[in-house]
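# Report on the structure
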Amino acid sequence: MNKWEKNVRKVVPYVPGEQPDNINIIKLNTNENPYPPSENVLKAISEIDYNNLRLYPDPTCNILVKAIAEYYNISDNQVFTGIGSDDVLAMAFLTFFNSDKPILFPDITYSFYDVWAELFGIPYLTPELDNNFFINPEDYKKENGGIIFPNPNAPTGLYQPLSTIEDIVKYNSDVIVIIDEAYIDFGGESAIKLIDKYDNLLIVQTFSKSRSMAGMRIGFAIGSPILIKYLNDAKYSFNSYTMNQTALNLGAACIKDKAHFNKTVKKIIDTREMTKKQLAKIGFSFPDSMANFIFARHKDIPAKELFLALKQNNIFVRYFDKPRINNFLRITIGTDEEMNTMINFLKNYINKLSVRQSLI
Ligand SMILES: *Cc1c(COP(=O)(O)O)cnc(C)c1O
């Protein structure tokens, strides 16, 4: 080790899903949307003035903040935007999780939370989900420095009713509770309706999944004006110009097209329900996902084997080699055609194995 290395901040980074060069794959590994964004976005792209790229973007992100506030029928000062919800979440950890007491999040959840906690030196505890992967609200009624979890949870897809969220937020009025709603549009009810009642509640959402804009990196937080002010203070102390002007304009154009959003979200939900039925028929079981993915395991065949077999056939899904979940595949909902190709592959693979086994 070099002498100077002892003073380097060392982190074990988050590992995102693969983005392979090969475009001829069925990509069901990072929960992207299989459909393009609204045509409003295409129009906004055609209106980009390249001469304006000379200028810094609007540091207040006004055009996008306004569009989001309008969509949710809330005030501009209840909205904060950032470079994907990962940026918004990182900023929220930095701003709100500043106690000596541990923050709390489930043992099985978005694997970025412990990475940010380590990066920022925030103590944390991870209460275990129950055997059906549900949160026990009582685990979140112990002394803590803040709380975060996704609803629906990742990678399980399980949604907890708003009454559970409210129970936790109400009990923890002395800390900030962050609900990561990356997947809320696929069937759950958003906790946004609770923000006027609880000033310690922050909701984080993203354009990456339900709004087909993962490539533009747009995320946002919704909460009481005082929380949003604290977030902005931290942002301006870090980087005034987080979001680029193109992302701001395209994001605003995107969220204005409700019809396109409703249509594509419905298609994904329908495909998800069809996929659940097909997977169950060939021996898979899974929590009842309310997200754009299914977290499934097979009764006979190890998940890792299926993951590798699928990958060899250019079908990419996600596999987490972690305790309690290392026999599950997280399968993003693609188009009907993509899902049928995957299901047919699995069907054949499972059949071949059982024929071989019956011969032994
Ligand atoms: C995808 C995801 C995010 C991050 O999304 P961005 O692309 O950074 O907006 C955050 N939280 C959860 C639970 C996610 O699955």
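The structure contained in this document is the topic of the report that follows. Keep in mind that this is a model prediction, so the values were computed, not measured.

### Section: the packing of helix α1 (residues 39-46) against helix α7 (residues 245-255)
Packing of α1 against α7 leaves a shortest axis separation of 8 Å and a crossing angle of 150°. What the angle tells us is that α1 and α7 run roughly antiparallel. The element α1 and its partner α7 pack so that their crossing is right-handed. For the pair formed by α1 and α7, the contact residues are Asn 40, Val 41, Ala 44 and Ile 45 on the first element and Leu 250, Ala 253 and Cys 254 on the second. Taken together, the residues that form the contact of α1 with α7 break down as 6 nonpolar, 1 polar and no charged.

### Here's the deal with the site of the ligand
In the neighbourhood of the ligand, the contacting residues comprise Gly 84, Ser 85, Asp 86, Leu 89, Tyr 110, Asp 180, Ala 182, Tyr 183, Thr 206, Ser 208, Lys 209 and Arg 217. The side chain of Tyr 183 places a nitrogen or oxygen atom 2.5 Å from an oxygen atom of the ligand. Interatomic distance of 2.5 Å between a side-chain N/O atom of Thr 206 and an oxygen atom of the ligand. Contact with the protein chains covers 92% of the free accessible surface of the ligand, which is 390 Å². With 4 residues, the single largest contributor to the shell around the ligand is helix α3 (residues 84-96). Of the residues assigned to the shell around the ligand, the class counts are 4 nonpolar, 4 polar and 4 charged.

### Quick notes on the packing of α3 against helix α4 (residues 113-120)
Contact geometry of α3 with α4 gives a least axis separation of 10 Å together with a crossing angle of 45°. It follows from the interaxial angle that α3 and α4 lie oblique. Remark: the crossing between α3 and α4 carries right-handed chirality. Here α3 contributes Asp 86, Leu 89, Ala 90, Phe 93 and Leu 94 to the contact with α4, which in turn contributes Tyr 113, Trp 116, Ala 117 and Phe 120. Among the residues making up the contact of α3 with α4, the classes are represented as 8 nonpolar, no polar and 1 charged.

### Digging into the environment of Thr 264
Its location among the elements puts Thr 264 in helix α8 (residues 258-281). Separated by 53 residues in the primary sequence, Thr 264 and Arg 211 place their C-alpha atoms 8.6 Å from one another. From its side chain, Thr 264 meets the backbone oxygen of His 260 in a polar contact 2.9 Å long.

### As for the packing of aromatic side chains
Taken as a whole, this structure holds 24 aromatic pairs when the rule is applied. Here Tyr 14 and Phe 112 contribute two aromatic rings whose centre-to-centre distance is 4.3 Å and whose plane-to-plane angle is 10°, an arrangement assigned as stacked. Remark: Phe 112 occurs in the loop between β3 (103-104) and α4 and Tyr 14 occurs in the segment before β1 (26-27); sequence separation between them is 98 residues. Summarising the burial analysis for this pair, Tyr 14 and Phe 112 share the class buried. Positioned above the aromatic ring of Phe 207 is the side chain of Arg 211, whose terminal nitrogen or guanidinium carbon lies 5.8 Å from the ring centre.

Criteria and cut-off values
Residues numbered from 1 in each chain as written. Predicted model: local features only at pLDDT ≥ 70, side-chain atom pairs only at ≥ 80, totals over all residues. Heavy atoms only, no water. Axes fitted to C-alpha atoms, helices over the stretch in contact; angles between N-to-C directions. Helix = DSSP H or I, 4+ residues; strand = E, 2+ residues; numbered from the N terminus. Parallel < 35°, antiparallel > 145°, perpendicular 65-115°, else oblique. Left-handed = near helix turned anticlockwise from the far one by under 90°. Contact = heavy atoms within 4.5 Å. Nonpolar A, V, L, I, M, F, W, Y, C, P; charged D, E, K, R; others polar. Near = heavy atom within 4 Å. Polar contact = N/O pair within 3.5 Å; in protein donor to acceptor, adjacent residues only side chain to side chain. Areas by Shrake-Rupley, 256 points an atom, 1.4 Å probe, with all protein chains shown as cover. Phe/Tyr/Trp six-rings, centres within 6.5 Å; stacked < 30°, edge-to-face > 60°. Buried < 20%, exposed > 50% of the residue type's maximum accessible area, 1.4 Å probe, protein only. Lys NZ or Arg CZ within 6 Å of the ring centre and 35° of its normal.

So far we have only geometry, and geometry alone does not tell us how the molecule works.
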